[in-house]
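Report on the structure
In case you want the letters, here they are:
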Amino acid sequence: MISFSPTEEQQMIVSMAKQLANDEMRKIYRECDENGAIPDSVIDTAWKMGLTSGSIPEEYGGPGGEHSAITGSLLAEELAWGDLSMAMHILCPALFAYPVLEMGTETQRKKYLPLFCDEKYKAATAAFIEPRFGFDPYSLSTVARPDGNGYVLDGKKCYVPLAAEADLLLIYAAENGSSQGFIIEKGTKGLEIGERERNMGIKALATYELSLKNCRVPKENRLGGSKGCDFNRIINCSRVALSAMAVGVAKAAFEYSRDYAKERIAFGEPIASRQAIAFMLAEMAIEIDATRLMTWEAAWKLDRKEEATKEASLVKSYSDDMVIMVTDRAVQILGGHGYVREHPVELWLRNGRGFAAFDGMAIV
């Protein structure tokens, strides 16, 4: 039987995330989008809440909380409701820490996980997407070939969040036909970080292209060592995280357009009372709730270590369409006002349009 009743700990985490989103993120998200930067104060506040380190076991310096995909989904939704760029920035270290936690060797866990338990934000990231048409995570163009006591990596990646400031990167590459992860530390010869990308949305989040040219890493830097990693589970965890974030963005757009429709008077009555507007709002609400439940189902199966590829794939495809529909209708409900920057719905539409291309940029 599936149960989505949040535990007391989950309720506390959601409450903290909701307060951060409402009191901090919502006050500056427009300024961050315009300036293309996020204040360190917000990131530091979120970091001290332990939103990433909370699930790291005590033996590695963490508080020992349970690592749960459902908890991560609840957290991701609330932070994305506050602002998607800031949410991705806050949770970016998890792109490195969570795969190491779940699939790393004992040596890798002991070496890297304590770094995420310090008081200061630890910039780390993962390079997943490749700049080519028809990108397939199961058929990567970036390759890793064994060479002596290590591996040599060659290829290109894009949409790598915080690549320029990250001390640690988890690079996904094809090795003998399977996709594997490789840990690369900042300054490794052959790793080149390009200029910051200029994106339509998530403009406050710094993303970069990077190239790997004869980049040599020791064999112990292969995620999971000789056993390797469960790449399929990593993809599923990422799809669930992104679906939860899509729900958060869509919820923000729905709530704003709903409240606007109740207050906007035209021809003597609120436009929300008109059937066309009311039906749009009703469908938006239905689709958001449906996507949330699909996300929780996939996360629930991940927490039970069950096969969740079908559920994760379905909800990712569904959420990509849902968030575009909801944010576009939010703009439509506001009419001409929806197209100007005085209102945030145009920002949410720009952010929502990117979810189809955000593979691997978040994880639970």
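Here goes a summary of the coordinates provided. (Residues numbered from 1 in each chain as written. Predicted model: local features only at pLDDT ≥ 70, side-chain atom pairs only at ≥ 80, totals over all residues. Heavy atoms only, no water.)

1. Some remarks on the overall build of the chain
Scanning the chain from N- to C-terminus turns up 10 helices and nine strands. Taken over the C-alpha trace, the chain has a radius of gyration of 21 Å; the compact-globule value for 364 residues is 21 Å, and the two agree within 12%. Once the C-alpha set of the chain is aligned to its principal axes, its extents read approximately 80 × 40 × 40 Å. The buried share of the chain, reckoned over its 364 residues, is 58%. Taking the intrachain contacts of the chain between residues at least 6 apart in sequence as the baseline, contacts between residues at least 24 apart amount to 76%. Roughly 16,000 Å² of accessible area belongs to the chain as shown, and the carbon and sulfur atoms make up 50% of that amount. Of the charged side chains in the chain, 41 are positive and 51 negative; the average position of the first set lies 3 Å away from that of the second. (Helix = DSSP H or I, 4+ residues; strand = E, 2+ residues; numbered from the N terminus. Rg over C-alpha atoms; globule rule 2.2 N^0.38 Å. Buried < 20%, exposed > 50% of the residue type's maximum accessible area, 1.4 Å probe, protein only. Contact = heavy atoms within 4.5 Å. Areas by Shrake-Rupley, 256 points an atom, 1.4 Å probe, with all protein chains shown as cover. Lys, Arg positive; Asp, Glu negative; His and termini not counted. Charge placed at Lys NZ, Arg CZ, Asp CG, Glu CD.)

2. Looking at the pairing of strand S4 (residues 168–175)
Counting buried positions over the eight residues of S4 gives eight, a clear majority of the element. Residues Leu168, Leu170, Tyr172 and Ala174 point to one face of S4 and Leu169, Ile171, Ala173 and Glu175 to the other, with burial holding for every one of them. Bridge count between strand S1 (residues 124–127) and S4: four bridges; the pairing is parallel. Bridging across to S4, Ala126 finds its partner in Leu170. One ladder, built from eight bridges, connects S4 with strand S5 (residues 178–185); its direction is antiparallel. (Pairing = 2+ DSSP bridges.)

3. Focus on the environment of Leu95
Mapped onto the elements, Leu95 comes out in helix H5 (residues 94–103). Other than its neighbours up to four places away in sequence, Leu95 contacts Thr125, Ala126, Pro161, Leu170, Gly360, Met361, Ala362 and Ile363.

4. Details of the state of the cysteines
One pass over the structure, following the stated rule, counts zero disulfides. Take Cys158: it sits in no disulfide, and the sulfur closest to it among the cysteines is that of Cys92, at 15 Å. The thiol of Cys237 is not disulfide-bonded; the next cysteine sulfur, from Cys229, is found 12 Å away. (Disulfide = S-S within 2.5 Å.)

5. Section: helix H7 (residues 231–263)
The end-to-end C-alpha distance of H7, which contains 33 residues, comes to 49 Å, matching closely the 48 Å that a straight helix rising 1.5 Å per residue would cover. Most of H7 sits inside the fold, with 26 of its 33 residues counted as buried. (Expected span 1.5 Å × (residues − 1).)

6. Thoughts on the pairing of S5
Counting buried positions over the eight residues of S5 gives six, a clear majority of the element. In sequence, S4 turns back onto S5 through a hairpin of two residues, with Asn176 there showing a positive phi of about 55°.

7. A word on the environment of Thr71
Position of Thr71 relative to the elements: it lies in helix H3 (residues 69–82). According to the relative accessible area criterion, Thr71 is buried, its value standing at 13%. Along the backbone, Thr71 and Glu9 are 62 residues apart, and their C-alpha atoms lie at a distance of 9.0 Å. When neighbours within four sequence positions are excluded, Thr71 is seen to be in contact with Gln10 and Ile13. Side chain to side chain, Thr71 and Gln10 meet in a polar contact 2.9 Å long. (Polar contact = N/O pair within 3.5 Å; in protein donor to acceptor, adjacent residues only side chain to side chain.)

8. Section: the pattern of salt bridges
Enumeration according to the criterion identifies 28 salt bridges in this entry. Salt-bridge contacts for Arg350 lead to Asp33; the nearest nitrogen and oxygen are separated by 2.9 Å. Here Arg350, found in helix H10 (residues 345–352), pairs with Asp33, found in helix H1 (residues 8–35); they are 317 residues apart in sequence, far enough to count as distant. Salt-bridge contacts for Arg233 lead to Glu102; the nearest nitrogen and oxygen are separated by 2.7 Å. Of this pair, Arg233 sits in helix H7 while Glu102 sits in helix H5, and the two are 131 residues apart along the sequence. For Glu102, a relative accessible area of 26% gives the class partly exposed. (Salt bridge = Lys/Arg side-chain N within 4 Å of Asp/Glu carboxyl O.)

Just distances and angles here, no functional claims.
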